[in-house]
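# A look at the structure
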Amino acid sequence: NAQAREFITAVIELQSANYPETMGCTVIVNAPRIFSLAWRFVKPLLDTRTTAKMEIIGPDPGRVRARLLESVDAAQLPLFLGGTC
């Protein structure tokens, strides 16, 4: 739990510090349940503009594929994420 929380915090801080307005969205896929639980603790500590651009999807291949294809062309998405690349 602490390790997942530290990872989430580090990723968001990195994006906020280096790409504050260029981040369209961040989709974390195949996240284990503990990751979502850690997110609930970390989210209130972060800037709301940043957290609004983040989405966590668990290990549901159909949901992962559908969500990623909203933002990425199938030809650019690896096979293991539901693309054709």
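Residues numbered from 1 in each chain as written. Predicted model: local features only at pLDDT ≥ 70, side-chain atom pairs only at ≥ 80, totals over all residues. Heavy atoms only, no water.

With that settled, consider helix 4 (residues 61-69). Those residues of helix 4 that sit buried are Val64, Arg67 and Leu68. Viewed end-on, helix 4 has its buried residues packed into an arc of 95 degrees, placing them on one side of the element. Buried-residue contacts for helix 4 involve strand 1 (26-28) and strand 2 (54-56). (Buried < 20%, exposed > 50% of the residue type's maximum accessible area, 1.4 Å probe, protein only. Helix = DSSP H or I, 4+ residues; strand = E, 2+ residues; numbered from the N terminus. Arc of directions from axis to C-beta. Contact = heavy atoms within 4.5 Å.)

This paragraph deals with helix 2 (residues 33-42). Of all the residues in helix 2, the buried ones are Phe35, Ala38, Trp39 and Val42. One side of helix 2 holds all its buried residues, which, seen down the axis, span an arc of 110 degrees. Of the exposed residues in helix 2, those oriented more than 90 degrees away from the buried face are Arg33, Arg40 and Phe41. Structurally, helix 2 contributes buried residues whose contacts are with helix 1 (2-18), strand 1, helix 3 (48-51) and strand 2.

Between helix 1 and helix 2, the least distance of the axes is 8 Å, while the angle of their chain directions is 60 degrees. As the angle between them shows, helix 1 and helix 2 are arranged oblique. Taken as a pair, helix 1 and helix 2 cross one another with a handedness that is right-handed. Contacts between helix 1 and helix 2 involve Ala4, Arg5, Phe7, Ile8, Thr9 and Ile12 on the former and, on the latter, Ile34, Phe35, Ala38, Trp39, Phe41 and Val42. (Axes fitted to C-alpha atoms, helices over the stretch in contact; angles between N-to-C directions. Parallel < 35°, antiparallel > 145°, perpendicular 65-115°, else oblique. Left-handed = near helix turned anticlockwise from the far one by under 90°.)

With that settled, consider the environment of Asp47. For Asp47, the position within the fold is in the loop between helix 2 and helix 3. For the pair Asp47 and Ser16, spaced 31 residues apart in sequence, the C-alpha to C-alpha distance is 8.6 Å.

Below, the discussion takes up the packing of aromatic side chains. Scanning all chains against the criterion turns up one aromatic pair. On the basis of an interplanar angle of 55 degrees and a centroid distance of 6.1 Å, the ring pair of Phe7 and Phe35 is categorised as tilted. Of this pair, Phe7 sits in helix 1 while Phe35 sits in helix 2, and the two are 28 residues apart along the sequence. The class for Phe35 is buried, based on a relative accessible area of 8%. (Phe/Tyr/Trp six-rings, centres within 6.5 Å; stacked < 30°, edge-to-face > 60°.)

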